[in-house]
Amino acid sequence: MTKRGRNAGRLLAIAWALVVALLLAHNAYLWLGKRIAPETDILALLPVQERDPVLQASFTHMVDAAQQRVAVLVGAAEWSDAKRAADAYGAVLARHAGLFQSTPLDEQTQNDWLALFQQHRLTLLTAPQEMQLRQETPAFWRDSALSQLYSPFGGPKLGAWQDDPFGLFGGWVQERAQETPVRPRDGHLFVADAERQYVLLPLTLSLPAFSLGAQESALPVLAQAEAAARQAVPGVDIISAGVILHAAAASSQAAGEMSTIGLGSLAGIILLTWFTFRSFKPISLILLSIGIGCLGSLSVCWLLFGKIHLMTLVFGASLIGVAQDYGIYFLCNRLGADPALDSRALLRRLLPGLCLTLLAAVIGYMGLALTPFPGLRHMAVFSALGLVFAWLTVVFWFPALIGGGTLKSGALVKQYGAARARWPLLRANRATLVGGVLFALFALIGISRLGVNDDIRLLQTPPAHLIRDQIKLSKLLDGPTPVQFYLVRGDSAEAVLQREEALKQRLLPLIAQQHISGVQAMSNWVPSLQTQAARRALLDTAILQPGAALDLLAQSVDEGPEWAGKVRAQLAQAGAPLSIDAFLKVPASEPWRHLWLGKVEGGYASIVALRGMQYAAIPLLAKAGEGMPGVQWVDKVSEISSVLGRYRVYMGAVVLGAYLVVFGLLLPRYGRRTWRVLAPTALASVAALALLGYLNLPLQLFHVLALMLLLGVGVDYGIFMQEHPDRRNDTPWLAVGLSAANTILSFGLLALSKTAALQAFGLTMLIGTALVWLLSPCFAEADHRSAADAAGEI
């Protein structure tokens, strides 16, 4: 090694020390100064509908409306017990008013709710009322009004009788009330099933549901409230549902897995390194490279994306299993090299192989970055950056930190290294032919049994009690699903409302057949101006014009024309059209505002949500909107599943393309031996797919993504073996063994994850990495040089 080379190495080591100091300072600023918190919103990992911003906005509207809400049902067999338990529950929440917002239910609330509609009551009619106005005689309406006046069972009365003598406004309000089974009762919201009567406590979170701070603050309060309710009424039934509960469960699961995977990988590396080198120095060097890799990837990812997702950190925990490859490769070669050989000279000899392993691994991770899933892109960039920073640490610092003769091999190295000499080699002989035929049969049968399933619901694994509560609450409250609905668009608000009304007519048969129990739409509350004008004209003809129902009614109650004129004038004052803007300004619109997207992308749009939807009816619902201008059926579950399926196929092609790219990358160095580098990984990938078939596990996108990463990892082992093909040199075999064992530990632990996507990813990596490890020595080309010549390479 020349003096100039040594000086250059020192300068690079010092420069890298400055970079590491900056990374440390930036991480300290992020965690201690800025106090950043990982994002926990699982939906942030899903692809954004970039082709149609209005469609994406509609989904965001539905999700945003749902994610801040928490619904709690407190139930008992007796209504008095349910109220007492609910009061105890509410008393605890009242002490934490800053966390939850709730609207008091009193007479003033109901009056405020009705005030706007009473001003426009002449234009608010139900469809059956509209039909009756067309078909029935004035005498029918006179008798109906008299029934309202004299019968105690004449229907709901809102205000004085003469304000709504024919009960039309009361009927409209009653129909609006049918949109939910919840009713006011004794100052509470009441709902019941066959066994219990429940008090509904609708709560709105003040903090974002996906923030860890909100979860850490709100969940203990909800637990205290539940305990208070159970103390007040033993045996009370409490059902809770809300996005924050699912988010907290997912956060807890992810944090636990991050600790398990990270600490498990770390413990594995420490133990294996100790048994290999019997020294703490190699352990500290490998941990140093991994630590700098993590610091660098987190800093750069934050600068690029401005956030970090908890799932990225969970996936990044597996980075430990790959980033240590470079350090292990250097240390194993240092161990096997002549002690007199300078470490920088050794590095120069190893650099071509190290460069190729880094490139292959980065190509593997970058394959993940080609997907439309923001979460996968973040994970890919995080992991690739981590590898680059770990690799640079090995190249710049390891030669300076460890010299020749400082490492001694343990007993594990000798026993394990001896195995390579006895490992089978693939040659042109009968044994290889038989092995090849058996493998082909194994792969053919296994892959023929392999099915596919891209349903996004298979990837959801919330705790069973949360699913149970969500289903029960949905049945009791008859709420709409936020992921299947109709998107209605038009050039104006009036056009949107008219199209909503046409769509609702199409859905009436499906309601009658109980495929859905009803719809929630803005036009339920604010009919189109066209409909309001038609209804007003209908009322004028059937009720208000001289000689019509109102005059007949005046005669029946012994009142003269003056009384009829006064009532006619009062009703006429309530005949102004109701506008969407006026409705959106009053508190009554709050539960329905998420249905109105307003002006977006040069047009107007709204959502028609479905109550009580039967999943088997989805094809009928999708067909119901076909051919209607501006009406689009949205099924987010189906859409995401379709994207998963499309990208499963797309990424399969990318994996094949990546093999070609890596082959071209390796060809200049390995020539006709290049296929030997790639063959173990390719065969391991085929075998992993076949095993999935034998295990009856359907193929998903995440299995294919793992095959992409397996290419990046497995090529390392092929390169290690082809760099030193001599079977008497156990250095590459040791490096492959240590790397594979640690990769299996890290990615294998992902197979234990309760997150289905990570589990699929981890299982494929577990099977694939183990097979590449076992197959790599079989493809090593026979080296006919003398032992001395082979050793001289190092």
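In this text the structure is predicted, and so the values were computed from the model without any measurement. (Residues numbered from 1 in each chain as written. Predicted model: local features only at pLDDT ≥ 70, side-chain atom pairs only at ≥ 80, totals over all residues. Heavy atoms only, no water.)

## Thoughts on the overall build of the protein
Part 1: A tally of helices and strands in the protein yields 30 helices and 11 strands.
Part 2: Rg of the C-alpha trace for the protein: 35 Å, well past the compact-globule value of 28 Å for 794 residues, more than 25% over.
Part 3: Taken over the C-alpha atoms alone, the protein extends approximately 125 × 55 × 50 Å along its principal axes.
Part 4: Partitioning the contacts of the protein with sequence separation of at least 6, the portion at a separation of at least 24 is 82%.
Part 5: Carbon and sulfur atoms provide 62% of the accessible area of the protein, an area that totals close to 34,500 Å². (Helix = DSSP H or I, 4+ residues; strand = E, 2+ residues; numbered from the N terminus. Rg over C-alpha atoms; globule rule 2.2 N^0.38 Å. Contact = heavy atoms within 4.5 Å. Areas by Shrake-Rupley, 256 points an atom, 1.4 Å probe, with all protein chains shown as cover.)

## Some remarks on the layout of surface pockets
Part 1: Considering only enclosed or pocket space, the second largest pocket measures out at about 820 Å³ in volume.
Part 2: Around the second largest pocket sit 27 residues that line it, and Ala 127, Glu 175, Lys 504, Gln 505 and Leu 508 are the ones nearest its centre.
Part 3: Those elements that place two or more of their residues in the lining of the second largest pocket are helix H5 (127-135), helix H7 (168-177), helix H18 (493-512), strand S8 (518-520), helix H19 (522-525) and helix H20 (529-544).
Part 4: Each residue belonging to the lining of the second largest pocket can be placed in one class, and the counts come to nine nonpolar, eight polar and 10 charged. (1 Å grid on protein atoms, 1.4 Å probe; cavity = no way out; pocket = protein on both sides within 12 Å on 5 of 7 lines; lining within 4 Å. Points joined across faces, edges and corners; volume = space filled by probe spheres on them. Nonpolar A, V, L, I, M, F, W, Y, C, P; charged D, E, K, R; others polar.)

## Notes on the nonpolar core
The tendency in soluble globular proteins is for nonpolar side chains to be buried side by side.
Part 1: Ranked by internal contacts, the top residues of the largest apolar core, which has 110 residues, are Phe 330, Leu 331, Leu 666 and Val 715.
Part 2: Looking at this core element by element, the count peaks at 16 residues for helix H27 (residues 701-723).
Part 3: If we skip the residues at most four places from it in the chain, Leu 331 touches Phe 277, Pro 282, Leu 285, Ile 286, Phe 398, Ile 402 and Leu 407.
Part 4: Core analysis: the second largest hydrophobic core is formed by 50 residues, Phe 169, Trp 525, Trp 596 and Ala 624 among them. (Core = buried A, V, L, I, M, F, W, Y, C linked by side-chain atoms within 4.5 Å. Buried < 20%, exposed > 50% of the residue type's maximum accessible area, 1.4 Å probe, protein only.)

## Some thoughts on the side chain of Lys 504
Part 1: Positionally, Lys 504 belongs in helix H18.
Part 2: No salt bridge is formed by the buried Lys 504; the nearest opposite charge belongs to Glu 500, separated by 5.4 Å.
Part 3: A polar contact of 2.9 Å, which involves the side chain of Lys 504, links it to the side chain of Ser 523.
Part 4: Not counting residues within four places of it along the chain, the set of residues in contact with Lys 504 comprises Val 519, Ala 521, Ser 523 and Asn 524. (Lys, Arg positive; Asp, Glu negative; His and termini not counted. Salt bridge = Lys/Arg side-chain N within 4 Å of Asp/Glu carboxyl O. Polar contact = N/O pair within 3.5 Å; in protein donor to acceptor, adjacent residues only side chain to side chain.)

## Concerning empty space enclosed by the protein
Part 1: All chains considered together, the criterion is met by four cavities of 30 Å³ or more.
Part 2: Looking at the largest cavity, its volume works out to about 110 Å³.
Part 3: Lining the largest cavity are 13 residues; nearest its centre among them are Leu 122, Asp 164, Leu 168, Leu 539 and Leu 571.
Part 4: Those elements that provide at least two residues to the lining of the largest cavity are H7 and H20.
Part 5: When the residues that make up the lining of the largest cavity are grouped by side-chain class, the tally is 10 nonpolar, no polar and three charged.

## Some points on the pattern of salt bridges
Part 1: Taken as a whole and assessed by the stated rule, the structure comprises 14 salt bridges.
Part 2: Two residues, Asp 81 and Arg 84, come together in a salt bridge whose shortest N-O distance is 3.2 Å. Of the two residues, Asp 81 and Arg 84 are both situated in helix H3 (residues 79-94); the distance of three residues between them amounts to about one turn of the helix.
Part 3: By relative accessible area, Arg 84 is classed as partly exposed at 42%.
Part 4: Salt bridges sharing common partners tie together Glu 130, Arg 134 and Arg 535.

## Some details on H27
Part 1: A rise of 1.5 Å per residue sets the reference length of H27, with its 23 residues, at 33 Å; its end C-alpha atoms lie 34 Å apart and thus fit the reference within 8%.
Part 2: At Leu 710, H27 shows its maximal kink, close to 25°.
Part 3: In terms of residue burial, H27 counts as a mostly covered element, since 23 of its 23 residues are buried. (Expected span 1.5 Å × (residues − 1). Bend = angle between axes of the 7 residues up to and from the residue.)

## Here we look at the packing of aromatic side chains
Part 1: On inspection of all chains with the given rule, the structure shows 19 aromatic pairs.
Part 2: Seen from their ring centres, Phe 117 and Trp 525 are 5.7 Å apart, and the 35° between their planes marks the pair as tilted. One end of the pair, Phe 117, is in helix H4 (residues 107-119); the other, Trp 525, is in helix H19, with 408 residues separating them in the sequence. For the pair formed by Phe 117 and Trp 525, the shared burial category is buried.
Part 3: A centroid spacing of 5.1 Å and a plane angle of 85° characterise the contact between Phe 140 and Trp 141, whose relative ring orientation is edge-to-face.
Part 4: Residue class for Phe 140 comes out partly exposed when judged on its relative accessible area of 28%.
Part 5: Among the aromatic residues, those joined into a ring-pair cluster are Phe 117, Phe 169, Trp 172, Trp 525, Phe 583 and Trp 592.
Part 6: The ring of Trp 525 has Arg 176 lying over it, and the distance from NZ or CZ to the ring centre is 5.7 Å.
Part 7: We note Arg 185 situated over the ring of Phe 190; from NZ or CZ to the ring centre the distance is 4.7 Å. (Phe/Tyr/Trp six-rings, centres within 6.5 Å; stacked < 30°, edge-to-face > 60°. Lys NZ or Arg CZ within 6 Å of the ring centre and 35° of its normal.)

## As for the state of the cysteines
Part 1: Inspection of every chain in the model, using the stated rule, returns zero disulfides.
Part 2: Not part of a disulfide, Cys 332 finds its nearest cysteine sulfur in Cys 355, a span of 18 Å.
Part 3: Among the residues examined, Cys 332 registers a relative accessible area of 1% and is labelled buried. (Disulfide = S-S within 2.5 Å.)

## Some thoughts on the side chain of Gln 532
Part 1: Mapped onto the secondary structure, Gln 532 falls in helix H20.
Part 2: Of the residues examined, Gln 532 reaches a relative accessible area of 1% and is grouped as buried.
Part 3: Here the side chain of Gln 532 touches Leu 578 through a polar contact of 2.8 Å, landing on its backbone nitrogen.
Part 4: Ignoring any residue separated from it by four or fewer positions in sequence, one finds Gln 532 in contact with Thr 123, Val 526, Pro 527, Pro 577 and Leu 578.

## A few points about the confidence of the model for the protein
Part 1: This prediction gives the protein a mean pLDDT of 83; 90% of its residues lie at or above 70.
Part 2: For residues 790-794, every residue scores under 50 in pLDDT, and the model assigns this stretch 16 contacts once sequence neighbours within four places are set aside. (pLDDT = per-residue confidence, 0-100.)

## Focus on the packing of helix H21 (residues 549-556) against helix H22 (residues 561-573)
Part 1: At their nearest, the axes of H21 and H22 sit 9 Å apart, and the two run at 135° to each other. Relative to H22, the element H21 lies oblique. Of the two elements, H21 crosses H22, and the hand of that crossing is right-handed. Contact residues: H21 offers Leu 550, Asp 551, Leu 553 and Ala 554, while H22 offers Trp 563, Ala 564, Val 567 and Arg 568. (Axes fitted to C-alpha atoms, helices over the stretch in contact; angles between N-to-C directions. Parallel < 35°, antiparallel > 145°, perpendicular 65-115°, else oblique. Left-handed = near helix turned anticlockwise from the far one by under 90°.)

## Section: unusual backbone geometry
Part 1: The phi angle at Gln 514 is positive, at roughly 65°, despite the residue not being glycine.
Part 2: Mapping Gln 514 onto the fold places it in the loop between H18 and S8.
Part 3: We classify Gln 514 as exposed; its relative accessible area is 64%.
Part 4: A positive phi angle, close to 55°, is found at Glu 601, a residue other than glycine.
Part 5: Relative to the helices and strands, Glu 601 resides in the loop between strand S9 (596-600) and strand S10 (603-611).
Part 6: Accessibility expressed as a relative area gives 61% for Glu 601, which makes it exposed.

## Topic: the pairing of strand S7 (residues 480-490)
Part 1: Pairing between S7 and S10: seven bridges, direction antiparallel. The residue of S10 that forms the bridge with Val 488 is Ser 606.
Part 2: For S7 and strand S11 (residues 631-635), the ladder comprises five bridges, and the chain directions are antiparallel. What sits directly across from Phe 485, in S11, is Val 634. (Pairing = 2+ DSSP bridges.)

## Topic: the environment of Ala 622
Part 1: Note that Ala 622 resides in helix H24 (residues 618-624).
Part 2: Given the relative accessible area of 25%, Ala 622 is considered partly exposed.
Part 3: Remark: the alpha-carbon pair of Ala 622 and Val 634, spanning 12 residues in sequence, is separated by 8.1 Å.
Part 4: The contact partners of Ala 622, leaving out residues within four places of it in the chain, are Tyr 486 and Trp 633.

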